[in-house]
Amino acid sequence: PFFLLLLVIEWGAARKLAQIEGERPAAGSYDARDARASISMGLVSIATSGVLNFAALLGYAALYAYVAPWHLPADKWYTWVIAIVGVDFLYYVYHRMAHRVRLVWATHQAHHSSRYYNFATALRQKWNISGDVILRALLPLLGVPPWLVFASFSINLIYQFWIHTERIGKLWRPIEFVFNTPSHHRVHHGMDAQYLDKNYGGILIVFDRLLGTFEPET
């Protein structure tokens with residue numbers, strides 16, 4: 001419901017601005033058919049991801065209970081930091097792989113298939129999350145409670161919704177330096193040669209800065 005509310009607000013703002021700017025489409029404009037496709041893909045993704053995540057939960061629980069050499073306490077702040085930052089780093093690894101390995105790109109390219117960049121595009125999700133599931137298994141293997149892995153991934157996924165917009169410009173420089181923002185993610189979705197295969201981060205942009213895949217929006 002929160003996603004849909006923001007989508008309606010952005011859609012209304014784009015329509016209002018389109019009337020002001022005349023024939024030129026306003027930034028963040030919506031096309032009804034494109035938006036319906038994105039939302040439909042998101043709904044199917046919820047179903048397919050639910051099945052794979054349930055299987056992952058069973059697998060993570062087994063790794064945590066029988067293989068992990070230690071169990072990190074869920075009531076300690078550092079476990080939450082390890083889980084959230086760990087999930088974000090593994091997302092960076094998966095995301096970079098998804099753009100470089102053709103087999104994985106086949107599952108991820110659907111998210112990049114729209115010519116529009118708005119909150120509806122954020123819902124245009126893949127139906128095969130096996131790559132994410134396999135990589136995230138490293139965390140329960142290292143003693144992170146499985147439920148905390150899923151909670152951290154949920155935080156990561158929810159964060160990434162709001163960066164799919166053209167209505168927000170660049171933010172305060174310290175925020176832009178550390179976190180993934182609409183400006184950084186517009187680069188990731190851009191088709192300009194200088195922007196291809198850049199800015200893979202989920203919540204944080206620091207991994208891109210450290211590993212040579214960062215590109216500022218110009």
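Everything discussed here concerns the structure shown above.
Here goes a summary of the coordinates provided. (Residues numbered from 1 in each chain as written. Predicted model: local features only at pLDDT ≥ 70, side-chain atom pairs only at ≥ 80, totals over all residues. Heavy atoms only, no water.)

## Side note on the layout of surface pockets
In step 1: Approximately 830 Å³ is the volume attributed to the largest pocket.
In step 2: Every residue lining the largest pocket is counted, 34 residues in all, and those nearest its centre are Phe-3, Ala-122, Leu-123, Gln-125 and Leu-157.
In step 3: Breaking the lining of the largest pocket down by element, the ones donating at least two residues are helix 1 (2-21), helix 2 (32-67), helix 3 (77-100), helix 6 (130-136), helix 8 (146-161) and helix 10 (182-189).
In step 4: Within the lining of the largest pocket, the residues separate by chemical class into 16 nonpolar, 15 polar and three charged. (1 Å grid on protein atoms, 1.4 Å probe; cavity = no way out; pocket = protein on both sides within 12 Å on 5 of 7 lines; lining within 4 Å. Points joined across faces, edges and corners; volume = space filled by probe spheres on them. Helix = DSSP H or I, 4+ residues; strand = E, 2+ residues; numbered from the N terminus. Nonpolar A, V, L, I, M, F, W, Y, C, P; charged D, E, K, R; others polar.)

## Details of the nonpolar core
In step 1: By size, the foremost hydrophobic cluster in this structure holds 15 residues, and its most contacted members are Ala-56, Tyr-60, Val-87, Val-133, Leu-139, Val-144 and Val-149.
In step 2: If you list the elements that add at least two residues to this core, you get helix 2, helix 3 and helix 8.
In step 3: Per-element tally for this core: the top contributor is helix 8, with four residues.
In step 4: Not counting residues up to four positions away in its chain, the partners in contact with Tyr-60 are Asp-132, Val-133, Arg-136, Ala-137, Pro-140, Pro-146, Val-149 and Phe-150.
In step 5: Leu-7, Tyr-30, Phe-119 and Ala-122 belong to the second largest nonpolar core, which has eight residues in total. (Core = buried A, V, L, I, M, F, W, Y, C linked by side-chain atoms within 4.5 Å. Buried < 20%, exposed > 50% of the residue type's maximum accessible area, 1.4 Å probe, protein only. Contact = heavy atoms within 4.5 Å.)

## Regarding empty space enclosed by the protein
In step 1: Tallied over the entire structure, the rule returns one cavity of 30 Å³ or more.
In step 2: By volume, the largest cavity is sized at about 50 Å³.
In step 3: As for the largest cavity, its lining consists of Val-87, Leu-90, Tyr-91, Tyr-94, Asp-132, Leu-135, Arg-136 and Phe-153.
In step 4: Every element with two or more residues in the lining of the largest cavity is listed here: helix 3 and helix 6.
In step 5: Looking at which element gives the most residues to the lining of the largest cavity, the answer is helix 3, with four residues.
In step 6: Considering only residue class, the lining of the largest cavity consists of six nonpolar, no polar and two charged.

## Concerning the packing of helix 2 against helix 8
In step 1: Across the interface, helix 2 lies against helix 8 with an axial gap of 9 Å and an inter-helix angle of 135°. Relative to helix 8, the element helix 2 lies oblique. Across the interface between the two elements, Asn-53, Ala-56, Leu-57, Tyr-60, Ala-61 and Tyr-64 of helix 2 pack against Pro-146, Val-149 and Phe-150 of helix 8. (Axes fitted to C-alpha atoms, helices over the stretch in contact; angles between N-to-C directions. Parallel < 35°, antiparallel > 145°, perpendicular 65-115°, else oblique.)

## Remarks on the pattern of salt bridges
In step 1: Summed over all chains, the structure comprises four salt bridges.
In step 2: Asp-34 is paired through a salt bridge with Arg-124; the nearest N and O atoms lie 2.9 Å apart. A residue pair is termed long-range when its members are at least 10 positions apart, and Asp-34 in helix 2 and Arg-124 in the loop between helix 5 (119-122) and helix 6 qualify at 90 residues. Per residue, the accessibility class of Asp-34 equals that of Arg-124, and both read buried.
In step 3: One salt bridge in this structure joins Glu-217 and Arg-186, with 2.7 Å as the shortest N-O distance. Here the residue Glu-217 occupies a position in the segment after helix 11 (206-211), and Arg-186 occupies one in helix 10, the gap between them amounting to 31 residues.
In step 4: When its relative accessible area of 15% is taken as the criterion, Arg-186 is described as buried. (Salt bridge = Lys/Arg side-chain N within 4 Å of Asp/Glu carboxyl O.)

## Let's talk about unusual backbone geometry
In step 1: In this structure, Asp-197 takes a positive phi of about 55° despite not being glycine.
In step 2: Residue position: Asp-197 is located in the loop between helix 10 and helix 11.
In step 3: Unlike most non-glycine residues, Asn-199 shows phi in positive territory, near 55°.
In step 4: Here Asn-199 falls in the buried class, since its relative accessible area comes to 0%.

## Let's talk about the side chain of Asn-180
In step 1: Secondary-structure assignment places Asn-180 in the loop between helix 9 (173-178) and helix 10.
In step 2: Here Gly-202 takes part through its backbone oxygen, which lies 3.1 Å from a polar atom of the side chain of Asn-180.
In step 3: With residues near it in sequence (within four places) discarded, Asn-180 still touches Tyr-159, Trp-162, Ile-163, His-185, Gly-201, Gly-202, Ile-203, Leu-204 and Ile-205. (Polar contact = N/O pair within 3.5 Å; in protein donor to acceptor, adjacent residues only side chain to side chain.)

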